[in-house]
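Structural overview for review
Listed here are the chains, written in short residue letters.
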Amino acid sequence: MVWTGTWVAERLGVELIGDEALPALLGLALRRNPKRAHLLVSSVLGKHVPQRPSVVYGSGLDLGRRVRDLLGEAEAARAVVLGYAETATALGHAVADGLGPAPYLHSTRRPVPGVARAGGFEESHSHATSHLLLPEDPALLAGDGPLVLVDDEFSTGNTVLNTVRALHERYPRERYVVVALVDMRGPADRDRLTAFAAEIGARVDLVTLAAGTVRLPAGVLEKGRELVARYEGGGSTGDGATTDAAPHAPGAPGTEPGAGPGLVRAAGAGRIGAAGGGAGQAGTASGPATPEVVRVALHWPAGVPDGGRHGFTPEHRVRLEAALPAMAARIAEALPAPAPTAPGARTEGTGARVLVLGFEELMYAPLRLAAALEDAGHDVRSSTTTRSPVLAVDDPGYAIRTRLVFPAHDDPADGPGERYAYNVAGAGFDAVVVVVDSAADTPQLHAPDGLLARLAAHIPRVVLAVVPSYVPATAPPRPSAPALPSVPARTAAPERSSMLPEPLRGPAFSSYAPEEVGWLLQDLSDVELEAPTEEREEAIQSGGAHYAESLPVEYQPSARYQDLFHSALEASAARIARAVGTVTETVLAERAGRPVLVSLARAGTPVGVLMRRWAEARHGLDLPHYAVSIVRGRGIDANALRWLATHHDPADVVFVDGWTGKGAITRELAAALADFPGFDPEIAVLADPGSCVRTYGTRQDFLIPSACLNSTVSGLISRTVLRSDLVGPDDFHGAKFYRDLAGADVSGLFLDAVAARFDEVAEDVGTDVKELLTTDRTPTWEGWAAVERISEEYGIHDVNLVKPGVGETTRVLLRRVPWKILAKRGAGDDLAHVRLLAEQRGVPVEEVDELPYTCVGLIHPQYTRGATGADGKAVASR
């Protein structure tokens, strides 16, 4: 394959020296620039050369992971990533994604009224030199953790020196990491950076994919200018270069016969083979095209910035990733259908070839949309328009084969001018998806000589997707930008919220230490709430009562059952510790700031305490932790949310539960929070066997000893109670503190046994979290589907009576009237306590194949004591 730097190397005598990987990463081109004649053109950046989005994004992720390994977990958690506009904005995003928990900011050349500058610097060799730093959060750069600076290439080090010098005076720190695709510095430049690091007393590390140098002969700058002037000013010269059509003269013919205005490529040439672009015939037009543009409504997630111009947090990243598949599906509906194939013919390569074209600094959003399309099976490339003028020559040994020229369309602060799209025309694309922010969706974009018209002259289908321009709260909205749905920083709370009591704490309420958890509940310990299990079941199933209006009689374990609990705890403590560490580290990586843990009482409370202990032990973090009530069919305690919104930023709240069964509480929480838009409805759970959430410690269904018992493993607190005669409109939900069971309490024993294993599982947790942060964790709701199938197969016809998973099955045996237990064939010790409880209650255990859970508990359907008997084993006749 011909190296795309051959043409320049032969004519200017330029040599690329270094790692063997360099020719695959870089080509060479010439540009109109008085400071540097040559341009290093990356084949993996997704800027000038269309490339598969998985390659572009994967290169950045790999660099970010290497930075994480270099810094270590603790320092990586304190890092901030800074990318350079315009070329490295998406690369910096990808590095931040690979690093994990780091917030991201990129420099910008677009001033935003009302947003204070946190700094600025110059990029001396660039076409547009001034960089602004405009973080929405003034404290983003003010920390003392490592600063990771990301650029596409490290040529001389001047840009990095200028950046660090400007920032270090204002925000001094001890460590910087410079990240680039390639390091092309000479020895003198390397020595200069080393001396500078010593001067400021900071450590500066470098992480790149490859390294080398560009050897430039004497007089190369002048010779390069002459080449550019000859090829751009004199038409075809025998080497196949041509001049631009005047971008501001609608109707002017292109210099190539049949070419639309604004296209530069070789005279008479019809195909190009740029890296990642493939070959294909360019379209023709006798004048400016009238584009038939299909506009796609992305439904971009509200409050998520369009990029890192004002900062982009791990929380933003999580929300964007959750929305990407649906946005890609909307784009896919506007793409051409795959070409038909003959019966039995190979279908490889028959899909439409699609280019996702970003816009100058807006690189990350288009790249992620392109990657989502690629994940869905489409043949996709990604690239971006640019301000940088580069000579186009249609030669396999030259990196820029064609050029489209069009006027700027975002009202730039430095005035109107030309903009460019390279290697797009003639690359054989069947469709182009143009992704711009709303500030750039202007009449100039849609004008006869605008970008859309240029593209329509050469590509059959043009699709436009507009991302809302993010406007910081401190800035007035741009006149051209549509209003965005607002997400309040705090949930508005009625005046009465200030009168709500402070959380209950141990030892007055619960056996947990007061700092472990604050209960947003009212104490109903003196109220008689318990009812016999059979009586409660009959009332619940007949519709005469809700399960939260009473409490089951607390199960008092036999000596044999207590022995089983202790042996199970000993066997599973390390496994639980690993899951605790994994879910906690995932939360810390994907939530900016200091999370506020809010466990769903009561199964979530031991997990919340353990997550708090992990954060303190491994990171020295003192995370606030509260427990609130949520009731199936009744929703979450609204007064508890009002209290939280008054005392904390709702965006910091992370809801915690023990495990998922079929996902009923996950759905309940999402519905309940619709009236409290500042809170994120995502739940973090220890175990997610039902595949109902994105944030979990494990998706395996195994015995969690805290599910074996009731209050005696949950701080001696009962299930929560919601009854109108006890809980008024201004009250928290209620619960009881069983002080009389203190002699049987193992709550502290359980926590201490798990926490004692934190150190031994730390390495495994690190591995698990790295894998999870780069894994598609989209819930499949496999558990819900299985429950619906079981409900019908066993003639129950009510999913609420099917309780999947070890934890939920245990609850059925302890609190409800069980009918039968379905056990996965071959399940071992994880079901020892289930088999014992089933034996004690006279409930059959049926072994089945192909069960997605270790076991499933079936509550007796249509239970009445008179019709079925108190043992609950017979089925009521219809």
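Conventions used here
- Residues numbered from 1 in each chain as written.
- Predicted model: local features only at pLDDT ≥ 70, side-chain atom pairs only at ≥ 80, totals over all residues.
- Heavy atoms only, no water.
- Helix = DSSP H or I, 4+ residues; strand = E, 2+ residues; numbered from the N terminus.
- Buried < 20%, exposed > 50% of the residue type's maximum accessible area, 1.4 Å probe, protein only.
- Contact = heavy atoms within 4.5 Å.
- Areas by Shrake-Rupley, 256 points an atom, 1.4 Å probe, with all protein chains shown as cover.
- Axes fitted to C-alpha atoms, helices over the stretch in contact; angles between N-to-C directions.
- Parallel < 35°, antiparallel > 145°, perpendicular 65-115°, else oblique.
- Left-handed = near helix turned anticlockwise from the far one by under 90°.
- Nonpolar A, V, L, I, M, F, W, Y, C, P; charged D, E, K, R; others polar.
- 1 Å grid on protein atoms, 1.4 Å probe; cavity = no way out; pocket = protein on both sides within 12 Å on 5 of 7 lines; lining within 4 Å.
- Points joined across faces, edges and corners; volume = space filled by probe spheres on them.
- Polar contact = N/O pair within 3.5 Å; in protein donor to acceptor, adjacent residues only side chain to side chain.
- Pairing = 2+ DSSP bridges.
- Phe/Tyr/Trp six-rings, centres within 6.5 Å; stacked < 30°, edge-to-face > 60°.

Comments concerning the overall build of the chain
Tallying secondary structure elements over the chain gives 23 helices and 33 strands in all. Burial status across the chain gives 60% buried among its 878 residues. For the chain, restricting intrachain contacts to residue pairs at least 6 apart in sequence, the fraction spanning at least 24 positions comes to 76%. When the accessible surface of the chain is totalled, it reaches about 32700 Å², and 51% of it is carbon and sulfur.

Focus: the packing of helix α3 (residues 53-71) against helix α5 (residues 89-99)
It is at 6 Å that the axes of α3 and α5 come closest, and there the two elements cross at 45 degrees. The angle between α3 and α5 places the two elements in the oblique class. Between α3 and α5 lies a crossing of right-handed hand. In this structure, α3 uses Y57, G60, L61, L63, G64, R65, V67, R68 and L71 to contact α5, whose residues at the interface are L91, A94, V95, D97, G98 and L99. Partitioned by chemical class, the residues of the contact of α3 with α5 number nine nonpolar, three polar and three charged.

Some thoughts on the side chain of H733
As for its placement among the helices and strands, H733 is situated in the loop between β28 (695-698) and β29 (734-735). Once you skip the residues sitting within four places of it in the chain, H733 turns out to touch L521, Q522, S629, V631, G635, I636, D637, V721, L722 and V727.

A few points about the layout of surface pockets
Volume-wise, the second largest pocket comes out at about 720 Å³. Contributions of two or more residues to the lining of the second largest pocket are made by α3, α9 (314-332), α10 (364-375) and α19 (758-773). With ten residues, α9 is the single largest residue contributor to the lining of the second largest pocket. Class assignment for the residues of the lining of the second largest pocket results in 16 nonpolar, seven polar and eleven charged.

Side note on helix α16 (residues 638-647)
With seven of its ten residues buried, α16 lies for the most part within the structure. Taken together, the buried positions of α16 are occupied by N639, A640, L641, R642, W643, L644 and A645. Lining the buried residues of α16 we find β23 (596-601), β24 (625-631), β25 (635-636) and β26 (653-659). Here α16 starts with a cap whose side-chain oxygen sits 3.0 Å from the backbone nitrogen of N639, and that cap is D637.

A word on the pairing of β23
Counting buried residues along β23, six of its six residues qualify, which places the element largely inside the surrounding structure. In β23, alternate side chains face the same way, and those of V596, V598 and L600 on one face and L597, S599 and A601 on the other are all buried. The sheet contact formed by β23 and β24 spans five bridges and is parallel. Residue pairing for β24: L600 is matched across the bridge by V628.

With respect to unusual backbone geometry
With the exception of glycine, the majority of residues adopt a negative phi angle, and the majority of peptide bonds are in the trans configuration. Cis geometry is adopted by the peptide bond preceding P507, which originates at G506 and carries an omega value of 0 degrees. Among the secondary structure elements, P507 is positioned in the loop between β18 (461-467) and β19 (518-519). The omega angle of the peptide bond from A601 to R602 is 5 degrees, so this bond is cis rather than trans. Following the sequence through the fold, R602 ends up in the loop between β23 and α15 (604-619). The backbone phi angle of E360 is positive, close to 50 degrees, even though this residue is not glycine. Under the relative-accessibility criterion, E360 is labelled buried at 5%. At S691, a residue that is not glycine, the phi angle is positive and equals roughly 50 degrees. Note on placement: S691 falls in the loop between β27 (683-687) and β28.

A short note on the packing of aromatic side chains
By the definition in use, this model includes eleven aromatic pairs. An angle of 10 degrees between the planes, with centres 6.0 Å apart, marks the rings of Y420 and Y422 as stacked. Each member of the pair, Y420 together with Y422, is buried. In this structure an aromatic cluster arises from ring pairing among F509, Y512, W519 and F737.

Regarding the sheet that holds strand β32 (residues 845-848)
Read from one edge to the other, the open sheet built from four strands follows the order β30-β33-β31-β32, with strand pairing classed as mixed. Every interior strand has two partners, whereas the edge strands, β30 (802-804) and β32, have only one. Direction aside, neighbouring strands of the sheet carry axes that sit 20 degrees apart on average. Looking at chain direction, strand β31 (residues 818-824) and strand β33 (residues 855-859) are connected through five bridges and run antiparallel. Each bridged residue has a counterpart across the sheet, and for P818 the counterpart in β33 is I859.

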